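What follows is the residue order along each chain.
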Amino acid sequence: MRERRTAYMFVLPALILLIAAVIFPMVFSINVALRKYDLRLPTEDYPFIGIDNFLRAARDKYFLNSLLITLQFVVMGIALQFPIGLGVAVLLSRFRWRRYVLPAIAIPVLTPPIVAGYMGIILFHPDGVVNYFLSLFGASKIPWYSRPDTALITCVLIDTWQWYPFITLILLAGILSIPPEYIEAARIDGASERSIFRHVILPMLRGVIAVALIFRMLEMLRVFDVIYIVTYGGPGTATQVTNFYGYLVGFHYWDLGYAAAMGWILVIILSILVTYYMRAFRVS
Amino acid sequence: MEVAKIILVAIILLITLFPIYWMIITSLEPWELVLVWPPAFLPRQLTIEYWEWAGSRFLLPLRNSLIIAGSTTAISVALGFPAAYSFSRFRIGGTTLPFWVLSLRFLPGIVPCVAFYILFRFLGLLDTHLAVIIAHLLITLPFSVWMFKVFLDAVPRDLEEAALVDGCTYSQVLIRIILPIALPSIAVVALFSFTWSWNEFMMALILTKSQAYTLPVMIAGFRGAGMIWGGVSAGALLSLIPAIILAIFFQRYLVAGLTMGAVKG
Amino acid sequence: MNKVLYIGGVDNYLRENMSRKIGFNKKISRREAISTAGKIAISAVVAGVVAGVGGYYAGSAAAAPTTVERTVTHTVTAAERTVTTTVTAPGATVTVTAPAATVTVTKTVAAPVAARPYEGVKLTVLCHTGVQAGPWHAYKEDIKNLYGIDLEVVEAPPEELYSKGLLGLKSKPADYDLVQFNSAWIGDFEPYLQPLDEYVQKADPGWGDVLPGFRLFRNMWAGKIYSWTLDGDTFMFYYRKDLFDHPEEKEEFRKRYGYELGPPKTWDQVRDIAEFFTRKAGDRLAGSKLLKDFYGYADQAKRGRVYYWYLFRWIPYRAAEEGGIPHYFDPDTMKPLINTPASVKALEAMRDILKFSPPGVLGFEWTELFTAAMSDSVIAMWIHWPDEGDRFQDKLQPLPVENPPKPQLGFAPVPGVEKDGRLYRYTPVDTCWELGIAKNSKNPEAAYAVLYFLMRPDNALERVMAPTAKVPSSNHDPYAYSQFYSPRWRAEKPWVGPFLDAELEALKNPYPLLRIPGGFEYLDALDLAVSECLAGAKDAKSALDEAAAKWEEITDRLGRERQKEFYHKMWMVPLVF
C-alpha cells in the first residue's frame with residue numbers, strides 16, 4: 001500500500017536515530033539493571049543476578065523515602081507553577097505589548113539549572129535578599145534550605161521561578177490559537193470575561209494544559225540540579241529525591257546496576273500513572 | 001484596566017528578572033563579600049576579574065554549544081515532525097510505543113552516560129560534537145515526537161483528506177497544509193529542545209574533554225573556592241546573551257505561527 | 001576489555017530483546033514485526049555508515065584550530081647565533097685605487113637544537129577545574145620547551161573527577177596519562193595507576209622533602225608509591241586572635257570558667273569558649289557594642305561535607321576510648337567502629353554545640369563558612385582547610401563592633417580529648433589532591449617527566465605560593481619541608497610565617513582518612529547519619545547504629561576479605577593469617 005510505504009519513509013530517519021540514541025542506551029540499561037554492575041570491581045565480568053537489584057530497591061527505605069519526597073516536590077511544584085503559569089498566560093494574552101515581554105519571561109528557562117541553584121543559595125541564604133525583605137516587615141530570618149522542614153519548599157520555589165515561564169509560553173500558544181470567532185461569538189452573546197474564560201477558553205485548552213502539566217510533572221520527577229547545588233539531599237534526607245539518590249548510588253557508589261534498577265522502577269510507576277492520566281485527559 | 005494590567009505585568013517582570021539583576025551584581029563583587037549581611041543592592045566593591053576570567057574562556061564553549069544545541073534542535077524537529085505525523089495518522093506502534101521511547105529520560109543520568117561513553121569511545125567519537133548531539137537526541141527526539149503527535153492528533157483531518165483526494169502526495173500534504181498549522185507546536189518543540197540541549201550538563205561533561213565542551217561544563221568549572229559566585233554568575237550571564245538573542249529571534253516565529261493558526265479557522 | 005566481543009554482545013541483545021520489546025505492544029502485526037526487524041538490520045548498516053562519517057568528522061573536528069585564549073602559543077625558536085664574517089669583495093683589478101671594501105655580513109646560523117627527549121609526544125592530564133588548573137596552564141609551555149611534550153589539559157569539577165578519571169583510566173590506552181585524584185579513591189584507582197617507585201629511584205623530585213603525613217598517608221599505598229602530593233590539604237583550627245587577646249574578655253573568661261582564655265586544646269574547652277562568646281547584637285564584645293549577632297563556633301555542616309567535621313571529634317574521642325590509634329574498622333573482623341559509646345558521645349557533643357552556631361550552619365559549604373568567619377566576622381572559632389592561613393589572611397575583616405581592634409587571625413591544631421591526664425590530639429590529613437600516572441598510558445615515562453617537572457622543589461614552591469608572577473592561581477597548599485621553611489615565601493609574605501609554623505607543629509600528629517575501596521560510600525553513609533542527627537531527625541545513637549549497619553552491608557557487598565586486605569594496605573599492616 002502506498003500509504004504504508006510513505007508512512008514508513010517518514011518514520012525511518014527518526015527511527016534510525018532513535019535506535020542509535022535511544023534503543024541502545026535503553027537496552028544497555030536493562031542489561032545493567034539485571035547485573036551486579038559495579039565498575040569499581042576489578043573483574044570485567046559483571047555477574048547476572050536477575051531481579052535482585054529490583055528487590056533490593058523495594059526493601060530500601062531510602063529509595064522508598066525518596067519516592068515520597070519526589071512526590072511531595074512534584075505536588076508542591078505543580079500547585080505553584082500551574083496557577084502562576086496559567087495566570088500569567090491569560091494576562092499576557094490580553095496584553096498589547098506582550099511581544100516585548102516574552103523574551104524577558106523566557107530568560108529563567110534559558111538559565112542553566114545549576115546557575116538557578118547558585119542564585120537560589122545566594123538569595124535564600126540566611127543573610128540574603130529574601131530574608132532582607134522579610135526583615136523589613138519585622139519577621140525574623142529564616143534559614144530556608146538549612147532546616148529540614150523548609151528545605152524542600154525552598155527548592156520548589158527556585159524550580160518555580162525557573163519553570164513557570166515554560167508553562168506560560170505553552171499555554172499562551174494555546175490561548176492564542178483559539179479561533180477568535182469563538183470568543184467573539186461568546187462576547188456578542190453577552191458573556192462576562194470570567195465565564196468566557198471558564199466555558200470557552202479553558203475547555204479548548206484542555207489538550208494543551210494536559211501536555212504542559214504532564215511535561216512539567218515528568219521533568220520535576222527528574223529534578224536534580226537544584227537539589228545537588230542547594231541542599232545535596234539534606235539536611236538529613238529532607239530533600240533526597242529519587243534522581244539524586246540514584247546519582248549517589250550510580251555516580252558515587254558506582255553501583256550502576258542498582259541505579260539502573262531504581263530508574264526502571266520509576267519508569268514503570270510513571271508509565272502506569274501517565275497512561276491513566278492521558279486517558280483521563282483524552283481530547284476527543 | 002490597562003493600567004492595572006501594566007502594573008501586574010511590571011510586578012511579574014520584576015520578580016522574574018530580579019535574580020538576573022542579582023547575578024549581575026554578584027558577578028561584579030569580590031566573592032568573599034557576596035554573603036555579608038545586609039545584602040548590598042549595589043556592589044560594595046567593584047571587580048571585573050570574573051568577567052575577565054569568564055570572557056577569556058567562553059568563546060570555544062559558546063561555539064560548541066551553538067553547534068550542538070542548534071543541530072539537536074534542527075534534527076529533532078526535522079525528523080520528529082514527519083515521524084509524529086506517521087504515528088498520528090497511521091497508528092504505527094500504537095499509542096504506547098512513543099511513550100516507552102520517552103521513558104528513557106527517567107533513568108538516573110549516569111546510566112545513559114556510561115552507555116554512551118562506552119559506545120562513543122569504541123567509535124572514536126569522544127570529544128566530538130556528534131557524540132553530544134546524539135546523546136542529546138536521546139531526550140529531545142522522543143519528546144519532539146510525542147509533543148508533535150499530541151498536537152497533530154488534535155488537528156482535524158478534513159483538510160488533508162481533501163488534498164489527498166485531489167491527488168497530492170503525503171509529502172506535499174505535510175509541507176503545504178499541516179506544517180503551517182503546526183507552527184506553534186514547532187516553536188514550542190524547538191524552544192524546548194534548544195534550551196534543554198543548551199543547558200544540559202552531565203553528558204556534555206562525560207563525553208567531552210577539551211575540544212567539544214559546552215557552556216554548562218564551562219560554568220560548572222568555575223566552581224571552586226574563591227571563584228564560585230562571581231565566576232558562575234559571569235559565566236551564566238555570558239551564556240545567557242546568545243540565548244536571549246535567539247529567543248528574541250524565535251519569538252517572532254512564535255508570534256507568526258500563532259497568528260497563522262488563528263487565521264486557519 | 002575485548003571490544004569486538006562486547007559490541008557483538010550488544011548485537012545479540014538487540015536481536016534477543018526485539019521480540020520482547022515488540023511483545024509489549026499487541027497491536028503490531030507479524031508482518032510489521034518482520035518489517036521492523038528488517039529495518040533494524042538496515043539501520044545497523046546505516047549506523048555503521050554514520051559512524052564512519054562520524055569518524056571522519058571526528059578527525060576534522062580534532063584538527064580544527066581551537067580558540068582557547070588562555071595560552072599564548074609561540075613557536076620554540078632555536079637559539080640564534082649572530083655570525084659576523086668579513087668578506088672581502090672579490091676584485092681582480094688591482095689597479096683600482098679605492099681600497100677594497102670591507103663588507104660586514106651578518107649571517108644567522110641556527111645553533112644545533114638540543115634534542116628534546118620526548119619530542120612530539122602528546123599527553124593528556126585530567127585536573128580539577130578552575131583556579132586549581134592554574135599551574136597546568138602556566139607550565140604547559142615550559143613543558144613543551146623542555147621536553148617537547150604537547151600537554152592537553154582537561155578540567156573537571158571535583159565530584160566528577162572520580163567518574164571521569166575512572167572511566168578514562170580503565171580505557172586502553174588510557175584517555176588520561178596523568179590524573180589528579182583524591183587519594184581516598186586509591187582503593188578503586190589502584191589497578192589502573194602506575195607505581196612510581198622505579199621512576200623515583202631514577203629521578204627523585206624530593207621524596208624525603210614531603211612531610212610524613214602526606215608521604216605515608218597519601219602518596220603510598222600497600223608499601224608502594226602511587227602518587228605525588230599536589231595539594232597539601234589538611235585541617236587547622238582558626239580563631240579570632242584579636243578577640244582572644246582582648247584583656248576584658250580574658251578577665252571575664254577566667255572569672256567564669258576558671259582557666260585562661262586561649263586556643264582550646266580539648267573539645268570541652270571549645271564548648272566553653274563557644275558558649276562564652278555567643279552573644280546577641282547590642283551586647284558587649286571586645287570592649288564595645290556588638291552590631292550583629294555573634295556566634296562562638298561554626299562547622300561546615302551541610303549534607304555531603306559534614307562528615308569531616310564529625311571526624312574531627314570522632315578521632316580524638318575514639319583515641320581516648322582506645323588509649324591509642326582509633327581504627328575505623330576492627331582490623332581482624334572488619335567490624336565498623338563508628339558507633340561505639342565514644343563515637344556517640346562525639347556526635348552528641350557536635351549537636352550540642354549547634355546552639356552556639358549561626359542558624360544557617362546546616363547549609364554551610366566552604367564559601368558560606370569562609371564568608372561568615374572572615375568577611376562577616378561573626379564566628380569566634382572554626383576548623384577549615386589551610387586556605388585561610390596560607391592564602392587569604394588579608395581577607396579577615398574586623399569584628400562587628402563599634403570600636404573593633406585590629407583584625408588578627410589565630411591558628412592552632414585541631415582540638416583533642418583529654419583522658420587520664422593524657423591529651424589525644426591528631427591532625428587529620430585530607431586525602432586530596434594527588435597526581436598519578438595511568439598504567440595504560442601510552443607513554444608513562446614522558447608522563448613521569450611531566451610529574452617530575454611539576455614536583456621539583458622550585459616549581460612546587462611556586463605552585464603553593466600562588467598567586468605569583470609565574471603561577472597566577474592554584475589553591476594548592478604546602479606539603480614539603482622546603483616549602484614550609486622557604487625563606488622566599490616567608491620574606492615575600494611575612495604573615496604566612498606564623499601559620500606555616502603552626503601547621504608544621506600540627507602535622508607532627510597526622511591521622512589518615514579512610515582510603516579503601518568504597519571509601520566514598522562509607523563516608524557518605526556516615527555523612528548522612530551525622531546530617532540526620534544534626535537536623536534533629538534521629539538521635540545520635542540510632543543514627544550511628546544505622547550507619548554502622550550500612551558499613552557492614554557495604555563491606556559484605558564488596559567482599560569482606562577483600563576489604564580487610566585493603567584496610568591493612570591502608571595501614572601497611574601485614575596481613576595476619
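Structure first, text after, so check above.
Calculation criteria
- Residues numbered from 1 in each chain as written.
- Chains lettered and ligands numbered in written order.
- Predicted model: local features only at pLDDT ≥ 70, side-chain atom pairs only at ≥ 80, totals over all residues.
- Heavy atoms only, no water.
- Pairing = 2+ DSSP bridges.
- Helix = DSSP H or I, 4+ residues; strand = E, 2+ residues; numbered from the N terminus.
- Axes fitted to C-alpha atoms, helices over the stretch in contact; angles between N-to-C directions.
- Contact = heavy atoms within 4.5 Å.
- Parallel < 35°, antiparallel > 145°, perpendicular 65-115°, else oblique.
- Nonpolar A, V, L, I, M, F, W, Y, C, P; charged D, E, K, R; others polar.
- Phe/Tyr/Trp six-rings, centres within 6.5 Å; stacked < 30°, edge-to-face > 60°.
- Buried < 20%, exposed > 50% of the residue type's maximum accessible area, 1.4 Å probe, protein only.
- Lys NZ or Arg CZ within 6 Å of the ring centre and 35° of its normal.
- Buried area = accessible area lost by both parts, 1.4 Å probe.
- Salt bridge = Lys/Arg side-chain N within 4 Å of Asp/Glu carboxyl O.
- Polar contact = N/O pair within 3.5 Å; in protein donor to acceptor, adjacent residues only side chain to side chain.
- Left-handed = near helix turned anticlockwise from the far one by under 90°.

Attention now goes to the sheet that holds strand S13 (residues 379-384) of chain C. Residue and element names in this part refer to chain C. Judged by pairing direction, the sheet is mixed, and its four strands sit side by side in the order S12-S13-S9-S14 without closing on themselves. The sheet is open, and its two edges are formed by strand S12 (295-298) and strand S14 (409-412), each paired on a single side. Pairs of neighbouring strands in the sheet enclose a mean axial angle of 20°, with direction left out of account. With respect to the sheet, helix H10 (residues 267-277) is in contact with strand S9 (236-240), S12 and S13, its orientation differing from that of S12 by roughly 140°. Lying over the sheet, helix H13 (residues 366-375) contacts S9, S12, S13 and S14, oriented at roughly 145° with respect to S13.

Before going further, it helps to spend a moment on the packing of helix H5 (residues 113-124) of chain A against helix H1 (residues 2-27) of chain B. It is the contact of H5(A) with H1(B), at a shortest axis distance of 10 Å, that shows an interaxial angle of 85°. It follows that H5(A) is roughly perpendicular to H1(B) by the angle criterion. Where H5(A) approaches H1(B), its residues Val115(A), Met119(A), Ile122(A) and Leu123(A) are matched on the opposing element by Phe18(B), Pro19(B), Trp22(B), Met23(B) and Thr26(B). In terms of residue class, the contact of H5(A) with H1(B) is built from eight nonpolar, one polar and no charged.

Counted by the stated rule, this structure contains 72 aromatic pairs over all chains. An angle of 70° between the planes, with centres 5.6 Å apart, marks the rings of Trp31(B) and Phe392(C) as edge-to-face. Separated into two different chains, Trp31(B) in the loop between H1 and helix H2 (49-55) and Phe392(C) in the loop between helix H14 (387-390) and S14 make up a pair that spans both. Phe392(C) shares its class with Trp31(B); the two are buried. Ring centres of Trp309(C) and Phe312(C) lie 5.5 Å apart, and the angle between their planes is 65°; on these two criteria the pair is classed as edge-to-face. Separated by three residues within a single helix, Trp309(C) and Phe312(C) lie in helix H11 (residues 306-322), roughly one turn from each other. Each member of the pair, Trp309(C) together with Phe312(C), is buried. What links up through ring pairs into an aromatic cluster is the set Tyr132(A), Phe133(A), Phe18(B), Tyr21(B), Trp22(B), Trp37(B) and Phe41(B). A cation over a ring is seen here: Arg96(A) above Trp97(A), with NZ or CZ 5.1 Å from the ring centre. Above the ring of Trp37(B), the side-chain terminus of Lys141(A) is found at 3.9 Å from the ring centroid.

All names here are of chain C. In spatial order, the strands read S4-S3-S5-S18-S8; together these five strands make up an open sheet with mixed pairing. Pairing within the sheet leaves two strands with one partner each, and these edge strands are strand S4 (150-156) and strand S8 (228-229). In this sheet, S4 lies alongside strand S3 (residues 122-128) in parallel orientation, the contact comprising seven bridges. Residue Leu123 lies in a different strand from S4, and its bridge partner there is Leu151. Of the strands in this sheet, S3, S4 and strand S5 (178-181) touch helix H4 (residues 158-170), which is tilted by about 150° from S3.

Moving on, we come to the interface of chain B and chain A. Chain B puts 93 residues into the contact, and the matching count from chain A is 92 residues. Here chain B and chain A share an interface that buries about 8700 Å² over both sides, 83% of which is from carbon and sulfur atoms. Our count for the contact surface shared by chain B and chain A stands at one salt bridge. For Arg96(A), the salt bridge goes to Glu2(B), with nearest N and O atoms at 3.9 Å. Viewed at the interface, chain A and chain B are joined by five residue pairs in polar contact (both at pLDDT 80 or more).

The next subject is the packing of helix H12 (residues 341-352) of chain C against helix H20 (residues 519-534) of chain C. Two packed helices can be described by the angle between their axes and the distance between those axes. All names here are of chain C. Packing of H12 against H20 brings their axes to within 10 Å, and their N-to-C directions diverge by 45°. Between H12 and H20, the angle is such that the two are oblique. In the packing of H12 onto H20, the handedness of the crossing is right-handed. Residues Leu347, Met350 and Arg351 of H12 pack against Val530, Cys533 and Leu534 of H20. Residue classes in the contact of H12 with H20 are distributed as five nonpolar, no polar and one charged.

Moving on, we come to unusual backbone geometry. Cis rather than trans, the peptide bond between Trp37(B) and Pro38(B) has omega equal to -5°. Along the polypeptide, Pro38(B) turns up in the loop between H1 and H2. Residue Pro173(C) is reached from Lys172(C) by a cis peptide bond, and omega for that bond is -10°. Counting through the fold element by element, Pro173(C) comes out in the loop between H4 and S5. Phi angles above zero are rare outside glycine, and Ala222(C) is one such case at about 50°.

So far we have only geometry, and geometry alone does not tell us how the molecule works.
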